[in-house]
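Reading the structure
Chain by chain, the residues run as shown.
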Amino acid sequence: MPSYSLLWIISIIAGFIGSMSGMGGGVVLIPALTFFGLPIKKAIAVSIVSVIATSSGSAAAYVRDRLTNLKVGMFLEMFTMLGALVGAMITVEANQRFLSILFGLVLMVSWLALFFRRHEEWHPPEHQDAFSHWLELEGSYPDSETSREVYYRAIHASIGGPLMFGAGLVAGLLGIGAGALKVLIHDLVMGLPPKVSTTTSNLIIGVTALAGTSVYLAHGLIDPGLAVPVVLGILVGAFLGTRVLVRLPNRAVRMLFLVVLAVLSVEMIFRGIRGS
């Protein structure tokens, strides 16, 4: 196990990257903790608690800055919470090598989907379907890069909702918040701009993680002595990340997302294959 000072530093970095990318700190935290010898099930359990901290540390700031779409978040949370409960119950009984490889594969698929769209600029959908319009899934935010108000409308809510059940399943299964998948659904399916995708994901992952945490807590997998320094570090990192993200262009946010996914997906797949 790492020392508390090293654990604090790792947690701050995880919180920073998690809030900047919308993925939650677990994508950094789980590989780091397993590298230092913590069993992956306990790393997942601690990580899912940290995801709540990442969300809490950044969601309020993003709502204040009018980047988060609350209506989109509230609608999709219904699906992710149910998925997280199912996923966490599977993890309690699953093989550890399987979890490591699955973790890496989920990140790799997310990376591939975004890599092929890395040079595309976001453009608002021309038409909004009737169901999304009925739910009033639209909004605007002030873009500090261009000094103008950006207006957008979400589409395909009827598809995005069921897909979010799958994202919630992965979140509960792997303790990562599954922000990577949530951002992909926001971006590729529902047509949200990258900054709104990231910030709305930050809101959703906290509620999703709370559902999964209840299962891990009931099975005694959460170590309070480990969780406390992790949560405190995550909160500091998440706060710093929110201050930086609002000043970045959309393309920079997406490129950060790609770099983190590439490194961590390869590392976790090899770790699972080695059985360590």
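Overview of the structure. (Residues numbered from 1 in each chain as written. Predicted model: local features only at pLDDT ≥ 70, side-chain atom pairs only at ≥ 80, totals over all residues. Heavy atoms only, no water.)

Along the backbone of the protein chain there are 11 helices and two strands. Reading the protein chain from its N terminus to its C terminus gives the helix and strand order α-α-α-α-α-α-β-β-α-α-α-α-α. Across the 276 residues of the protein chain, 57% fall into the buried class. As displayed, the protein chain offers around 11300 Å² of accessible surface, 71% of which is attributable to carbon and sulfur atoms. (Helix = DSSP H or I, 4+ residues; strand = E, 2+ residues; numbered from the N terminus. Buried < 20%, exposed > 50% of the residue type's maximum accessible area, 1.4 Å probe, protein only. Areas by Shrake-Rupley, 256 points an atom, 1.4 Å probe, with all protein chains shown as cover.)

On to the pattern of salt bridges, then. Counted by the stated rule, this structure contains three salt bridges. Across the salt bridge formed by Glu-149 and Arg-66, the nearest N and O atoms sit 2.3 Å from each other. Of this pair, Glu-149 sits in strand S2 (residues 148-153) while Arg-66 sits in the loop between helix H3 (40-64) and helix H4 (70-93), placing them 83 residues apart in sequence. On the basis of relative accessibility, which here comes to 26%, the residue Glu-149 falls in the partly exposed class. (Salt bridge = Lys/Arg side-chain N within 4 Å of Asp/Glu carboxyl O.)

Side chains of Leu-6, Trp-8, Ile-9, Ile-13, Val-228, Leu-232, Leu-235, Val-236, Phe-239 and Leu-240 sit close together on the surface and give an oily, nonpolar patch of about 830 Å² of accessible area. Contributing elements (two or more residues each) for the nonpolar patch: helix H1 (4-21) and helix H10 (224-245). Summarising the element assignment, Phe-239 is placed in helix H10. (Patch = residues over 30% accessible without salt bridge, like charges linked within 9 Å, V, L, I, M, F, W, Y side chains within 5 Å.)

Soluble globular proteins: nonpolar side chains tend toward being buried together. Formed by 66 residues in total, the largest nonpolar core has its most connected members in Leu-174, Met-190 and Tyr-216. Residue contributions to this core peak at 10 residues, all from H3. Met-190 has contacts with Val-72, Leu-76, Leu-137, Arg-153, Ala-154, Ile-155, His-156, Ala-157, Gly-160 and Ile-185, leaving out every residue within four places of it along the chain. (Core = buried A, V, L, I, M, F, W, Y, C linked by side-chain atoms within 4.5 Å. Contact = heavy atoms within 4.5 Å.)

What follows is about the packing of aromatic side chains. The description of an aromatic ring pair uses the distance of the two centres, along with the angle that the planes make with each other. This model, assessed by the stated rule, comprises four aromatic pairs. Judged by centre distance (5.5 Å) and plane angle (70°), the rings of Phe-75 and Phe-79 are edge-to-face. Taken together, the positions of Phe-75 and Phe-79, both in helix H4 and four residues apart, correspond to about one turn of that helix. Each ring, one from Phe-75 and one from Phe-131, has its centre 6.0 Å from the other, and the planes form 70°; the classification is edge-to-face. Placement of Phe-75 in helix H4 and of Phe-131 in helix H6 (residues 130-134) is noted, with a sequence separation of 56 residues between them. Grouping aromatic residues by their ring pairs yields a cluster made of Phe-75, Phe-79, Phe-131 and Trp-134. (Phe/Tyr/Trp six-rings, centres within 6.5 Å; stacked < 30°, edge-to-face > 60°.)

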